[in-house]
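# Structural overview for review
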Amino acid sequence: MSNQQNNWKIIRAEKKDARSLGVLAAKMWDHPAAELAAEFEELLSQREAACFLCRSGDKDVGFAQCQLRHDYVEGTEGSPVGYLEGVYIEPEYRLQGCARALLAACEKWAKEMGCREFASDCELENRESLTFHLHAGFAEANRIICFVKAL
């Protein structure tokens, strides 16, 4: 899958891409890149998970991680459900269709894995992610506030 106008392409990540995935994911999630790279290396060996990269030339400028979820997913009716665990695009590559292309690759993978539904989530205050999800055709299923207390 490629976009000649923006000079990037979408590829399925392999174990050799774990470091690059870790670097990109660290910009979104509050974890060290090396720790995330190790997690991606393990994840990429699992049949029920996939990662995709948006590559411009020899530089990875975005990624998406998806997995199958067999537990209940809010708003869905079946199982398994394809789930977008995360998507990140470098700021200078945003609004060029890269995130949508990554999402399309994830959805295609989930459909090939037998899923009839695809889901995702975002934090309540993440307006940018909410806007992306709504523009990408997702419908909001629910809003929750999580609680914790020490015992």
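You'll find the structure just up there.
This text gives an overview of the structure that appears in the document. In this text the structure is predicted, and so the values were computed from the model without any measurement. Numbering of residues starts from 1 in every chain and runs along the sequence as written. Predicted model: local features are reported for residues with pLDDT of at least 70 only, side-chain atom pairs are reported and counted for 80 or more only, and whole-chain, interface and lining totals are derived from all residues. Side-chain numbers come from the whole structure's heavy atoms, not from hydrogens or water.

Disulfides are defined in this document as cysteine sulfur pairs within 2.5 Å. Scanning the model with the defined rule gives 1 disulfide in all. Cys54 shares a disulfide with Cys98; S-S distance 2.2 Å. In this pair, Cys54 is assigned in strand E3 (residues 49-56) and Cys98 in helix H3 (residues 98-112), connecting sequence segments 44 residues apart. Both residues of the pair, Cys54 and Cys98, belong to the buried class. Cysteine Cys51 is unpaired, with the sulfur of Cys66 as its nearest cysteine sulfur at 7.1 Å. Using a 1.4 Å probe on the protein chains alone, a residue whose accessible area is under 20% of its type maximum counts as buried, one over 50% counts as exposed, and one in between counts as partly exposed. For Cys51, a relative accessible area of 0% puts it in the buried group. Helix and strand assignments follow DSSP, with helices taken as H or I runs no shorter than four residues and strands as E runs no shorter than two, numbered in order from the N terminus.

Right, let's get into the side chain of His133. Tracing the backbone through its elements, the reader meets His133 in helix H4 (residues 127-135). Taking the relative accessible area as the measure of exposure, His133 reaches 9% and is therefore buried. Every residue pair with non-hydrogen atoms within 4.5 Å of one another is taken to be in contact. For His133, the residues in contact, after removing those within four places along its chain, are Leu84, Ser120, Asp121 and Phe138.

With that settled, consider the pairing of strand E5 (residues 81-89). Within E5, 7 of the 9 residues are buried, leaving the element largely enclosed by the surrounding structure. As paired elements, strand E4 (residues 59-69) and E5 share 8 bridges and run antiparallel to each other. In the strand pairing of E5, Gln65 is matched with Gly86. The pairing of E5 with strand E6 (residues 118-120) spans 3 bridges and is parallel. Residue pairing for E6: Tyr83 is matched across the bridge by Ala119. Looking down the strands as they point away from you, a crossover is right-handed if its path from the first strand over the helix to the second goes clockwise. As for the winding sense of the linkage, the β-α-β connection from E5 through H3 to E6 is right-handed. Any two strands with at least two DSSP bridges between them are considered paired.

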